[in-house]
Amino acid sequence: MKMIVAILQPHRLETVREALASVGVHGMTASEAQGYGRQGGHKEIYRGAEYEIHFVPKVKIEVAVSDNDEDRAVEAIQTAAQTGRIGDGKIFVMDLSRAVRIRTGEVGEEAL
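Here's what I pulled together on the structure shown here. (Residues numbered from 1 in each chain as written. Predicted model: local features only at pLDDT ≥ 70, side-chain atom pairs only at ≥ 80, totals over all residues. Heavy atoms only, no water.)

## Some points on the pairing of strand S1 (residues 2-8)
At step 1: A large share of S1 lies buried, amounting to five of its seven residues.
At step 2: Pairing analysis gives seven bridges linking S1 to strand S5 (residues 56-65), with the strands arranged antiparallel. Note on S5: the bridge partner recorded for Ile-4 is Val-63.
At step 3: Sheet analysis places S1 next to strand S6 (residues 89-95), joined by seven bridges and oriented antiparallel. Each residue of the ladder has a partner; that of Lys-2, found in S6, is Asp-95. (Buried < 20%, exposed > 50% of the residue type's maximum accessible area, 1.4 Å probe, protein only. Helix = DSSP H or I, 4+ residues; strand = E, 2+ residues; numbered from the N terminus. Pairing = 2+ DSSP bridges.)

And the structure:
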């Protein structure tokens, strides 16, 4: 099993959700996040004064998938989140050693 964590632009969240559902991935956790990458934030002008925004609003999604679904899920996220501009985000894939469905006690891939 794999845990996929992706950091992406907030306006791409619904598109990513639809893309994951279309490849058979059901269930996702989304959280609001702030951060910066290579761009180091950006500058904005408000009422004539320029100021720097160091932390850019992002969305962090977490998806647990079986090993067989990993490549399809990563490709779906990448395709749906990509705008071609700086700040599109990152995808991280980690091994997931155990999953337990609290309601039924199912363990492993059955719990996903």
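## Brief notes about the sheet that holds strand S2 (residues 29-35)
At step 1: Within the open sheet, the four strands sit side by side as S2-S5-S1-S6. Their pairing is antiparallel. Either end of the sheet is taken by a strand with one partner, and the two such strands are S2 and S6. Neighbour-to-neighbour, the strand axes of the sheet open up by a mean angle of 20°, direction not taken into account.
At step 2: Across the sheet, helix H1 (residues 13-22) lies against S1, S2 and S5, angled at about 15° from S5, the strand it touches most.
At step 3: Those strands touched by helix H2 (residues 70-81) are S1, S5 and S6, and its axis lies near 5° from that of S1. (Axes fitted to C-alpha atoms, helices over the stretch in contact; angles between N-to-C directions. Contact = heavy atoms within 4.5 Å.)

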